[in-house]
Every structure is written in C-alpha cells, then in structure tokens.
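Listed below, chain by chain, are the residues.
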Amino acid sequence: MAGTTPESNKRKRRSAAPGPAPAPSRIRNARQQKIVETVSGYESVVSNGAALSVVLAVWAVTGAVFVLLAMAAMVVGPSADSSEWLLRSYESLTYGVALLGLFTTVIALVWAVQASVNVPRIGRSAHFGQVPIVMRHLPIGIVGSVLVALAPRVEVAEQLMRVLGGLAMIWGLLLPAALGHGLLSMLWRSSAMGESSKEKPNQEITIWFVGLCIFVAASAGREFMSGMSVQAEAFLAFLTGLGILLAAVTGFRFIPTIAERQEARMFAILNSFGVDESADASPVTAQQIQDAWAASSELFTVDGH
C-alpha cells in the first residue's frame, strides 16, 4: 500500500485545527444576568400588607374601646356598680382579643415571611441578629418561670421571688415583640433606595415596639396579680388599650410603606436592566466578572441606589 498523499494530510490537519475562540464576554452582559438571577422569585407584598392593615384597623378600634371602658371605670369610682359592669365588659372583650390575636399572627407571619424572602431579591441581606435577640430574652424568661414556680416553697422570700420572677417572665414574653422589631427594622433598611447603612431608623417602628411592650406588661399584670383594687385593674386595662392603640396605629402606617418601598426598589432594579456599558467597552474575562461581583457588597448598583 502506498502512503497517504500530501493533500489528504493537509485535509486532516485542517479538520483537527480548533475552531475560532468565542468572543470574550462583556461586563454588561454579566450584570444583566446577575440582575435576572437576583430578582427571580420576587413577589409583591402589597396585597398581603393591605389585608394586614385591615386587621390592624380592627385592633385600633378594639384598643380605643378598651381605653374608653377603662377611663369610664376610673371616673365612676370603685364603689359604683357601673364600674364593675365596665370591667366585666372589658373582661368579656379579652376573649375576642385572644381569637383576633391568633388570626393576626397568621396574617402577619405570611406577610413577614414573604417580605423577608423578597429582601435578597432586591439585593440586600435579610439578617438582623435573630440569635442575640433570642439569647437576651429566652433564658431570662425561663429563670422567671422557675422563680415563680419555687416561690411558694420559700415563704421568707415568696413575695420578692414572685415579683422578680414576674418581671423576668414579662421580659421573656417580649421575645416575639423584640424579634418583630428587629425584623421590621431590617425590612425598612433593606428597602431603602440608597445605602442601607445610612438609612435612618423609622421612629414609628420603635413606637410600635413600645406599644407592644405596654400591652404585654399590662396584660400579664392583670393575669398574674391577684387582689387588685378596681382602680388598679381599670388602670391596667387602660394601659392594655393604650398599648394596642400605639401598636395598631403605627403598624397601620408603616406596613403599607414597607411594601411600597420594596416595590420602588424592585422597579429601580428592573429599570436599570438596559443601562449598560458603551458598545466599545473593552472585553473582560469571566474571572474578572466573577471577581467584580464578589467584591460588590450590594451585588449591583442601580443608579447609585
């Protein structure tokens, strides 16, 4: 057999040669891809926030009724029969408040979970120090429960142990409110159009937290303290209603605002999709793109937002 011809060798060498290298990607394409990956899965919380606002309006009316009943009981005095009737009416309403509280918790959790899920979709972190908050409240609450349980066995210091244990239990009961305060503050900061670290705290969220603290403390006081006078019971009922009013009215204001801020930031991100480098931008490697994104704490920049 004769060897292959020179022409066949040339054909083999041509077929073995690699094809042209793909054009290097440009930074603007990676940026657009990053935006798409980030916003994927975003769901508006405007409708959930509207439903929660309606529930908060019911809470505001309930708080106002509590305040009026308590003030009327304090005005008519402890000796009047009407004072006892007013406090019994308040006591009857508390059962409805318990059911309303369960219903509100479900709606609030749905809203809070979806709003928190949206935070990474708008290029921010949803972390707000949950573990430190739990560690500040839960152990003290457990100690308070132990003190209250052991108080009857220590006659010498029974009253003191009950008071200290009750205060510690109230501090423990404030755990959900503290977590809520941290969550809402995070949602407010993360929905800012500018740098989240420079966003001023929302004072209404702080007032909401104070209102919840008053509500929890006053409700626990009425539940655990025995032998109170009618005036003292009426005063705690007044504080309960006041706490409900503060929390409901402020929540009614900032809940829709947080949803609107998330929407505004999402629209700003989407509107920046076409904002890109010029057509003659120099090509970069995939590694440079990856390093650039890794070095960005905000993941991307939306017109300085």
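Bear in mind the structure is a predicted one, so any value in this text is a computation, not a measurement. (Residues numbered from 1 in each chain as written. Predicted model: local features only at pLDDT ≥ 70, side-chain atom pairs only at ≥ 80, totals over all residues. Heavy atoms only, no water.)

S.K.: Would you explain the overall build of the chain in this entry?
M.R.: Looking only at helices and strands, the chain has ten helices and zero strands in total. The contacts in the chain between residues at least 6 apart in sequence include a share of 84% that link residues at least 24 apart. A total of about 17,600 Å² of accessible surface is found on the chain, and carbon and sulfur atoms cover 66% of it. (Helix = DSSP H or I, 4+ residues; strand = E, 2+ residues; numbered from the N terminus. Contact = heavy atoms within 4.5 Å. Areas by Shrake-Rupley, 256 points an atom, 1.4 Å probe, with all protein chains shown as cover.)

S.K.: Could you clarify how one ought to interpret the packing of aromatic side chains in this entry?
M.R.: The way to describe two aromatic rings as a pair is by their centre distance and the angle between their planes. Under the counting rule described, the total for this entry stands at one aromatic pair. Note on Trp208 and Phe254: the rings are 6.5 Å apart at their centroids and 85° apart in plane angle, and the pair reads as edge-to-face. Taken together, the positions of Trp208 in helix 8 (residues 203–224) and Phe254 in helix 9 (residues 230–271) put the pair 46 residues apart, joining distant regions of the chain. Over the aromatic face of Trp188 sits the side chain of Arg261, whose NZ or CZ is 3.8 Å from the ring centroid. (Phe/Tyr/Trp six-rings, centres within 6.5 Å; stacked < 30°, edge-to-face > 60°. Lys NZ or Arg CZ within 6 Å of the ring centre and 35° of its normal.)

S.K.: Sorry, what's going on with the environment of Phe235 here?
M.R.: Here Phe235 lies in helix 9. Considering only alpha carbons, one finds Phe235 and Ala218, 17 residues apart in sequence, at a separation of 8.9 Å.

S.K.: What is the right way to look at the packing of helix 5 (residues 130–150) against helix 7 (residues 175–190) in this model?
M.R.: In a packed pair of helices, the relevant descriptors are the angle between the two axes and the axis-to-axis distance. Remark: helix 5 packs on helix 7, axes separated minimally by 9 Å, with the N-to-C direction vectors making an angle of 155°. In terms of orientation, helix 5 lies roughly antiparallel with respect to helix 7. The hand of the helix 5/helix 7 crossing is right-handed. Residue-level contacts link Gln130, Ile133, Val134 and His137 of helix 5 to Leu175, Ala178 and Leu179 of helix 7. Classifying every residue of the contact of helix 5 with helix 7 by side-chain character gives five nonpolar, two polar and no charged. (Axes fitted to C-alpha atoms, helices over the stretch in contact; angles between N-to-C directions. Parallel < 35°, antiparallel > 145°, perpendicular 65-115°, else oblique. Left-handed = near helix turned anticlockwise from the far one by under 90°. Nonpolar A, V, L, I, M, F, W, Y, C, P; charged D, E, K, R; others polar.)

S.K.: Sorry if this is basic, but what is going on with the packing of helix 8 against helix 9 here?
M.R.: Helix 9 packs onto helix 8 with a crossing angle of 155° between their chain directions and a minimal axis gap of 7 Å. Accordingly, the angle class assigned to the pair helix 8 and helix 9 is roughly antiparallel. The two elements helix 8 and helix 9 cross, and the hand of that crossing is left-handed. Of the residues in the contact of helix 8 with helix 9, the class split is 14 nonpolar, seven polar and four charged.

S.K.: Before we go on, may I ask you to explain the nonpolar core in this structure?
M.R.: One recurring pattern in soluble globular proteins is that nonpolar side chains are buried together. The biggest cluster of nonpolar side chains holds 41 residues, and the ones touching the most others in it are Trp59, Trp111, Leu184, Leu187, Phe254, Ile255 and Ile258. Discounting chain neighbours no more than four positions away, the residues touching Ile255 are Gly49, Leu52, Ser53, Leu56, Trp111 and Leu184. (Core = buried A, V, L, I, M, F, W, Y, C linked by side-chain atoms within 4.5 Å. Buried < 20%, exposed > 50% of the residue type's maximum accessible area, 1.4 Å probe, protein only.)

S.K.: Looking at this model, I keep getting lost on helix 7. Mind explaining?
M.R.: Each full turn of the α-helix corresponds to 3.6 residues, which orients residues three or four apart in the same direction. Taking 1.5 Å of rise per residue, 16 residues should cover 22 Å, and helix 7 covers 22 Å from first to last C-alpha, within 8% of that figure. Among all positions of helix 7, only Leu175, Ala177, Ala178, Gly180, Gly182, Leu183, Leu184, Ser185, Met186, Leu187, Trp188 and Ser190 are buried. (Expected span 1.5 Å × (residues − 1).)

S.K.: Explain the environment of Ala178 here, please?
M.R.: Looking at the secondary structure, you find Ala178 in helix 7. Beyond its immediate stretch of four places on either side in the chain, Ala178 contacts Ile133, His137 and Phe209.

S.K.: When you look at the environment of Glu204 in this model, what are you seeing that I'm missing?
M.R.: Residue position: Glu204 is located in helix 8. Residues Glu204 and Ala247, spaced 43 residues apart in sequence, show a C-alpha to C-alpha distance of 8.9 Å. Aside from chain neighbours lying at most four places away, what touches Glu204 is Thr250, Arg253 and Phe254. Among the polar contacts made by the side chain of Glu204, one reaches the side chain of Arg253 at a distance of 2.3 Å. (Polar contact = N/O pair within 3.5 Å; in protein donor to acceptor, adjacent residues only side chain to side chain.)

S.K.: Explanation requested: the confidence of the model for the chain in the structure shown.
M.R.: Parts of the model with low pLDDT should not have their predicted coordinates read in detail. The pLDDT averaged across the chain works out to 78; a share of 73% of its residues lies at or above 70. Taken element by element, the predicted model of the chain shows its lowest mean pLDDT in helix 10 (residues 286–294) (43) and its highest in helix 7 (93). Note that pLDDT drops below 50 for residues 12–27; the model gives that stretch 14 contacts with residues more than four away or on any other chain. Predicted confidence is poor over residues 277–305, with pLDDT under 50, and the contacts of this stretch with residues over four places away or in other chains come to 42 contacts. (pLDDT = per-residue confidence, 0-100.)

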